[in-house]
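Listed below, chain by chain, are the residues.
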Amino acid sequence: MSFVELSKDSDCDVRRSAAGNPNTPVDVLVELSKDSDCDVRSSAAGNPNTPVDVLCRTVER
């Protein structure tokens, strides 16, 4: 399964795992940072590959 598919899974635990994975591509992290689940967004924010501008937008929410 690709990271794109994992990021769209109906199970928030799967999306949270993808968000925290250091191999997840930046474009997928950007989408996961907008997830409806706060734990998914938090995992994306904690990923070292998430761009700073995305982190700033996440904090502003």
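Anyway, here's the lowdown on the structure attached to this text. (Residues numbered from 1 in each chain as written. Predicted model: local features only at pLDDT ≥ 70, side-chain atom pairs only at ≥ 80, totals over all residues. Heavy atoms only, no water.)

Here we come to the packing of helix α2 (residues 12-20) against helix α4 (residues 38-46). Closest axis-to-axis distance for the α2/α4 pair is 7 Å, and the angle between their directions is 10°. Comparing their axes, α4 and α2 come out roughly parallel. In contact with Cys12, Arg15, Arg16, Ala19 and Gly20 of α2, α4 contributes Asp39, Val40, Ser43 and Ala44. Residues that form the contact of α2 with α4 fall into these classes: four nonpolar, two polar and three charged. (Axes fitted to C-alpha atoms, helices over the stretch in contact; angles between N-to-C directions. Helix = DSSP H or I, 4+ residues; strand = E, 2+ residues; numbered from the N terminus. Parallel < 35°, antiparallel > 145°, perpendicular 65-115°, else oblique. Contact = heavy atoms within 4.5 Å. Nonpolar A, V, L, I, M, F, W, Y, C, P; charged D, E, K, R; others polar.)

Right, let's get into the pattern of salt bridges. The tally for this structure, following the rule as stated, stands at five salt bridges. In this structure, arginine 16 and aspartate 13 form a salt bridge, with 2.2 Å as the shortest nitrogen-oxygen distance. In this pair, arginine 16 and aspartate 13 both sit in helix α2, three residues apart, roughly one turn of the helix. Overall, the relative accessible area of 28% leaves arginine 16 in the partly exposed class. A salt bridge links aspartate 39 to arginine 16; the shortest N-O distance between them is 3.6 Å. Taken together, the residues aspartate 39 in helix α4 and arginine 16 in helix α2 connect sequence positions 23 residues apart. Aspartate 39 gets classed as partly exposed once you look at its relative accessible area, which sits at 38%. (Salt bridge = Lys/Arg side-chain N within 4 Å of Asp/Glu carboxyl O. Buried < 20%, exposed > 50% of the residue type's maximum accessible area, 1.4 Å probe, protein only.)

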